[in-house]
Amino acid sequence: MKLSRKKVKSTILIATAILLVAALSAAMLYFVLLPRKFSLYVRMYAAEYSLEEEFVYAVIRAESNFNVSAVSEAGAVGLMQIMPATADFVSAMEANEGYDLFDAEQNIACGCAYIFYLKKRFSDTDALLAAYNAGEGRVQNWLAKSDYSGDGETLDFIPFAETRHYVNKVKKFYKCYKILYF
């Protein structure tokens, strides 16, 4: 059976429309799952601390899913889930009066300043993220052990399952933000 040109064109148009709708639906889903809320603050503080916006968004997405009021069981607060002691450390380092961690702008400012600090301490992204999650001291101890690091700078293995999962989650979100918002 031979198809007419009209039927072939019609079939191609329908297939193209279906593909276009599917692509737009997928893109819409990603925009919902990977929002860029608080973009003014993320843009401003990422630039101030020489960080990629997508990296900051990935940390926020992994930490609080953009919930300004989030408080963890451990006591971490706000969008970037910052411990009050960490905020005090950053405040002292920045010589400012402190941060209101429930304020979106101040939380992002503090989180970006802390990531910038960790970036100077750890050349390895996995180590930086592990330090953000589990603490700088723990990561320095892991880097000093050959079971976890072959060179003292790169984490080959993260012994805490929660931290290992966190690092992988942030890196996954980071890649998705880079692809989606190219």
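Coordinates for the structure precede this section.
All figures in this text were calculated on a predicted structure; none of them were measured in a lab.

(A) Quick look at the packing of aromatic side chains. Inspection of the entire model under this criterion finds nine aromatic pairs. Measuring from ring centre to ring centre gives 5.0 Å for tryptophan 142 and phenylalanine 160, while their planes differ by 75°; the resulting arrangement is edge-to-face. Of this pair, tryptophan 142 sits in helix α7 (residues 136–143) while phenylalanine 160 sits in the loop between α7 and α8 (161–180), and the two are 18 residues apart along the sequence. On the basis of relative accessibility, which here comes to 6%, the residue tryptophan 142 falls in the buried class. Seen from their ring centres, tyrosine 148 and phenylalanine 157 are 6.2 Å apart, and the 25° between their planes marks the pair as stacked. By way of ring pairs, the aromatic residues Phe89, Tyr114, Tyr117 and Tyr132 are connected into one cluster. The ring of phenylalanine 173 carries lysine 172 above its face, with NZ or CZ at 5.0 Å from the centroid.

(B) Main features of the side chain of serine 64. Along the chain, the position of serine 64 falls in the loop between α3 (53–63) and α4 (84–94). Of the residues examined, serine 64 reaches a relative accessible area of 10% and is grouped as buried. Within the structure, the side chain of serine 64 is placed 2.7 Å from the backbone oxygen of leucine 79, a separation counted as a polar contact. When residues no more than four places from it in sequence are discounted, the contact partners of serine 64 are Ala70, Gly78, Leu79 and Gln81.

(C) Inspection of the pattern of salt bridges at higher detail. Per the counting criterion, the structure on display carries three salt bridges. Two residues, glutamate 52 and lysine 178, come together in a salt bridge whose shortest N-O distance is 2.8 Å. Within this pair, whereas glutamate 52 is found in the loop between α2 (39–48) and α3, its partner lysine 178 is found in helix α8, the two being separated by 126 residues in sequence. With a relative accessible area of 35%, glutamate 52 lands in the partly exposed category.

(D) Summary view of unusual backbone geometry. Look at phenylalanine 66: it is not a glycine, yet its phi comes out positive at around 70°. Among the structural elements, phenylalanine 66 can be located in the loop between α3 and α4. One non-glycine residue, alanine 95, adopts positive backbone phi at about 55°. When you line up the elements, alanine 95 lands in the loop between α4 and α5 (104–121).

(E) Region of the structure containing the packing of helix α6 (residues 125–134) against α7. Running from N to C, α6 and α7 point in directions that differ by 135°, and their axes come no closer than 7 Å. As summarised for this structure, α6 and α7 are arranged oblique, according to the angle between their axes. Mapping the contact onto sequence places Ala127, Ala130, Ala131 and Ala134 in α6 and Glu136, Arg138, Val139 and Trp142 in α7. Class assignment for the residues of the contact of α6 with α7 results in six nonpolar, no polar and two charged.

Rules used throughout
- Residues numbered from 1 in each chain as written.
- Predicted model: local features only at pLDDT ≥ 70, side-chain atom pairs only at ≥ 80, totals over all residues.
- Heavy atoms only, no water.
- Phe/Tyr/Trp six-rings, centres within 6.5 Å; stacked < 30°, edge-to-face > 60°.
- Helix = DSSP H or I, 4+ residues; strand = E, 2+ residues; numbered from the N terminus.
- Buried < 20%, exposed > 50% of the residue type's maximum accessible area, 1.4 Å probe, protein only.
- Lys NZ or Arg CZ within 6 Å of the ring centre and 35° of its normal.
- Polar contact = N/O pair within 3.5 Å; in protein donor to acceptor, adjacent residues only side chain to side chain.
- Contact = heavy atoms within 4.5 Å.
- Salt bridge = Lys/Arg side-chain N within 4 Å of Asp/Glu carboxyl O.
- Axes fitted to C-alpha atoms, helices over the stretch in contact; angles between N-to-C directions.
- Parallel < 35°, antiparallel > 145°, perpendicular 65-115°, else oblique.
- Nonpolar A, V, L, I, M, F, W, Y, C, P; charged D, E, K, R; others polar.

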